[in-house]
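# Coordinate analysis (summary)
Read off the chains here:
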Amino acid sequence: MTKEEKAVYWRQRIEEQSRSGLTIKEYCAREGLAVASLHYWRRRFLSRKQDPLVVGGEEFLPVTVTSVSSGAPVEIRLCSGRSLHLRERIALSWLQTLVQVLEGSCG
């Protein structure tokens, strides 16, 4: 398996664990994975600084939208590992400020 294939494999496992609602230990036991390996790759991905895309002076980071339905809560996963769960519409300026504060120690 190439380095890129390993990275893809572990990114998928980390995303699956996060969506599963199981703890890392429970997920690894169910999938036959070493807890230490999942933690290693999770830290490795979180430590990588993502290069933002700059458009018109604004910086954007990659976003993956899995599914959205009207009125459904939205989860935003930040590069720091934190998650925001939004149940209602909020002001964009407030969200931008919140993300900047939460991610200030991330970059």
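In the block above lies the structure referred to throughout.
Quantities reported herein were computed from a predicted structural model and do not represent experimental measurements.

Rules behind the numbers
- Residues numbered from 1 in each chain as written.
- Predicted model: local features only at pLDDT ≥ 70, side-chain atom pairs only at ≥ 80, totals over all residues.
- Heavy atoms only, no water.
- Salt bridge = Lys/Arg side-chain N within 4 Å of Asp/Glu carboxyl O.
- Buried < 20%, exposed > 50% of the residue type's maximum accessible area, 1.4 Å probe, protein only.
- Phe/Tyr/Trp six-rings, centres within 6.5 Å; stacked < 30°, edge-to-face > 60°.
- Helix = DSSP H or I, 4+ residues; strand = E, 2+ residues; numbered from the N terminus.
- Lys NZ or Arg CZ within 6 Å of the ring centre and 35° of its normal.

## Topic: the pattern of salt bridges
- Counted under the stated rule, the structure contains two salt bridges.
- In this structure, Glu31 engages Arg30 in a salt bridge whose closest nitrogen and oxygen atoms are separated by 3.0 Å.
- Residue classification places Arg30 among the exposed residues on the basis of a relative accessible area of 53%.

## Focus on the packing of aromatic side chains
- Considering all chains together, one arrives at three aromatic pairs under this definition.
- Consider the rings of Tyr9 and Trp10, whose centres lie 5.3 Å apart with planes at 90°: the pair is edge-to-face.
- Judged by its relative accessible area of 12%, Trp10 is buried.
- The interplanar angle of 5° and the centroid separation of 6.4 Å between the aromatic rings of Trp10 and Trp41 together place this pair among those described as stacked. One end of the pair, Trp10, is in helix 1 (residues 3-20); the other, Trp41, is in helix 3 (residues 35-47), and 31 residues separate them in sequence. Across the pair, Trp41 and Trp10 agree in class, each one buried.
- Every member of this aromatic cluster is reached through a ring pair, and the members are Tyr9, Trp10, Tyr40 and Trp41.
- One cation-aromatic arrangement involves Arg13 over Tyr9; the distance from NZ or CZ to the ring centre is 4.4 Å.

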